[in-house]
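One letter stands for each residue in the lines below.
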Amino acid sequence: MQGMLERINGAVWGAPLIAVLLGTGLMYTLRLGIVQLRLPKLLLHAKKHSSAGSKQLKTVCMSLGASMGTGNIAGAASALAIGGAGSVVWMWVSAFLGMALVYAENTLSAAYSDRRVKGPMAYLSRGVGSRGLAVAFALFCVLASFGMGGMAQVNTFAVSFYGCVGERQALTAAAVFLLILAIIGGGAKRIGTAAQYMLPLAGIAYAAVCIPVIAMNRAQLPSVVSDIFGQALGLRQAAGGAVGQAVAVGIRRGIFSNEAGLGSSPVLHSSAEGDMAAWSMAEVLADTVCCTLTALTVLCACDTYSVADSLACLLGSAAPPFLTAVNGLFALCTVIGWYYCGETAFLYITGGRARRLFCLAFAAVSASGAIFGAPAVWTLSDIFNGLMAFPNLLGLIMLRRDVRRE
């Protein structure tokens with residue numbers, strides 16, 4: 001089964017999709033005059049001309065929480081283990097070009113969305129004029145919400161949790177199910193409020209431990225930086241095919257983390273008032289900083305590509321419980337943010353019906369991540385991510401003139 005999933009994943013995330021993602025990001029970078037470099041100015045402009053500060057903050061936290069999940073910890077570490085230190089460079093490349101993609105996505109979403117149809121469903125059906133593409137995106141978004149947004153996050157937390165207390169799969173799954181249901185049952189308002197408090201707590205706590213670990217091992221930084229760039233671009237790695245592996249893994253894990261080009265960002269931001277395009281770029285930047293923090297911590301502090309082992313040099317035996325707590329907060333932020341994406345897509349498909357059914361199904365499928373094995377969960381999540389990108393990127397390419405005009 002796992003072998004078949006890996007083959008499907010390889011086909012979805014092959015050279016064509018990576019080329020289209022990078023190419024579309026480069027196209028928008030050039031067409032919008034390297035909009036990434038104008039981020040501070042755009043953020044000031046968006047803040048000055050908005051009267052919905054509190055609601056925007058909740059939306060930013062919900063959207064950032066959806067992307068800044070366990071992929072920033074376990075995903076970044078696994079990218080290093082598979083693709084080597086060079087994969088970090090390609091995370092940065094995907095993030096830089098991805099900032100232009102999310103700016104374009106949110107610009108189109110603001111132009112075409114209303115209370116009934118939001119995000120890529122709006123600009124694919126109204127801008128492109130294809131309900132088929134909109135339904136395809138919505139279907140893949142629902143599947144991705146179950147996979148990347150739910151099962152993968154819970155699975156990463158559960159693996160860390162079991163390492164501390166032993167395997168209690170049924171009890172853990174039941175507790176997670178009830179917790180998720182309690183939060184998502186309150187709708188977008190409760191989701192945004194929960195993310196507004198949990199995300200800063202998790203981010204600050206994680207940075208407060210990683211930065212001292214890097215400082216303690218600062219003698220390793222020059223060689224780590226050399227490896228990051230050398231393994232991404234070096235001739236020796238190219239001869240062995242490692243560059244291709246670093247490119248594929250770095251870009252895939254980068255997108256898994258920041259979600260640029262997938263279409264989830266405009267769905268999340270469609271719940272807020274005002275211009276959210278600049279905020280979406282800031283979220284990709286913040287997400288990438290967190291991934292980089294993980295990479296530098298792991299590369300400086302240990303040879304096992306284990307975040308827990310890296311943090312142990314500062315926290316000792318408290319490292320696994322600390323990492324479990326941080327993973328739990330990040331995972332819950334991602335789960336509740338992706339629930340909003342999946343629900344919005346599901347209601348588009350069903351015409352606004354069966355909301356409660358989706359709520360129950362999402363909580364149950366997400367909680368099952370505490371039972372299933374990690375390789376299958378992560379592979380399925382990668383597949384659904386890639387499938388989401390196809391209709392969304394097609395819409396971005398076809399509506400490039402609309403983005404420039406807006």
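As the structure is a computational prediction, the values presented were derived from the model and not from experiment.

Basis of the calculations
- Residues numbered from 1 in each chain as written.
- Predicted model: local features only at pLDDT ≥ 70, side-chain atom pairs only at ≥ 80, totals over all residues.
- Heavy atoms only, no water.
- Helix = DSSP H or I, 4+ residues; strand = E, 2+ residues; numbered from the N terminus.
- Buried < 20%, exposed > 50% of the residue type's maximum accessible area, 1.4 Å probe, protein only.
- Contact = heavy atoms within 4.5 Å.
- Areas by Shrake-Rupley, 256 points an atom, 1.4 Å probe, with all protein chains shown as cover.
- pLDDT = per-residue confidence, 0-100.
- Phe/Tyr/Trp six-rings, centres within 6.5 Å; stacked < 30°, edge-to-face > 60°.

Chemist: Where do I start with the overall build of the protein in this structure?
Modeler: Regarding its fold elements, the protein presents 20 helices and zero strands. Looking at the protein as a whole, 56% of its 406 residues qualify as buried. Contacts spanning at least 24 positions in sequence make up 85% of the contacts within the protein whose residues lie at least 6 apart. With an accessible surface of roughly 16100 Å², the protein has 66% of that area assigned to carbon and sulfur atoms.

Chemist: What is the right way to look at helix α5 (residues 74-83) in this model?
Modeler: Structural remark: α-helix, 3.6 residues per turn; residues separated by three or four positions point the same way. Among all positions of α5, only Gly75, Ala76, Ala77, Ala79, Leu80 and Gly83 are buried. Of the residues flanking the end of α5, it is glycine 84, one or two places downstream, whose phi is positive at about 80°.

Chemist: Explain the confidence of the model for the protein to me, please; I cannot follow it from the model alone.
Modeler: Regions with low pLDDT carry predicted coordinates that are not meant to be interpreted in detail. The predicted model of the protein has a mean per-residue pLDDT of 82, with 85% of residues at 70 or higher. The secondary-structure element of the protein with the lowest mean pLDDT is helix α12 (residues 235-240), recorded at 42, while helix α7 (residues 119-128) shows the highest, at 92. Counting contacts from residues 235-243, a segment whose pLDDT is below 50, to residues more than four positions away or on other chains yields eight contacts.

Chemist: What is the right way to look at the packing of aromatic side chains in this model?
Modeler: We describe a pair of aromatic rings using the distance from one ring centre to the other and the angle between the two ring planes. Overall, the coordinates contain 10 aromatic pairs when judged by the stated rule. Taking the centre distance of 6.3 Å and the plane angle of 85° together, the rings of tyrosine 206 and phenylalanine 330 count as edge-to-face. Of this pair, tyrosine 206 sits in helix α10 (residues 187-216) while phenylalanine 330 sits in helix α17 (residues 319-350), and the two are 124 residues apart along the sequence. Side by side, tyrosine 206 and phenylalanine 330 carry an identical accessibility label, which is buried.

Chemist: Teacher, can you tell me more about unusual backbone geometry here?
Modeler: The phi dihedral of isoleucine 34 is positive, around 50°, even though this residue is not glycine. Note on placement: isoleucine 34 falls in the loop between α2 (15-31) and α3 (39-48). The class for isoleucine 34 is partly exposed, based on a relative accessible area of 35%. Here the phi dihedral of tyrosine 305 falls at roughly 55°; this positive angle occurs in a residue that is not glycine. Mapped onto the elements of the fold, tyrosine 305 is located in the loop between α15 (277-301) and α16 (307-315). You can call tyrosine 305 partly exposed: its relative accessible area is 35%.

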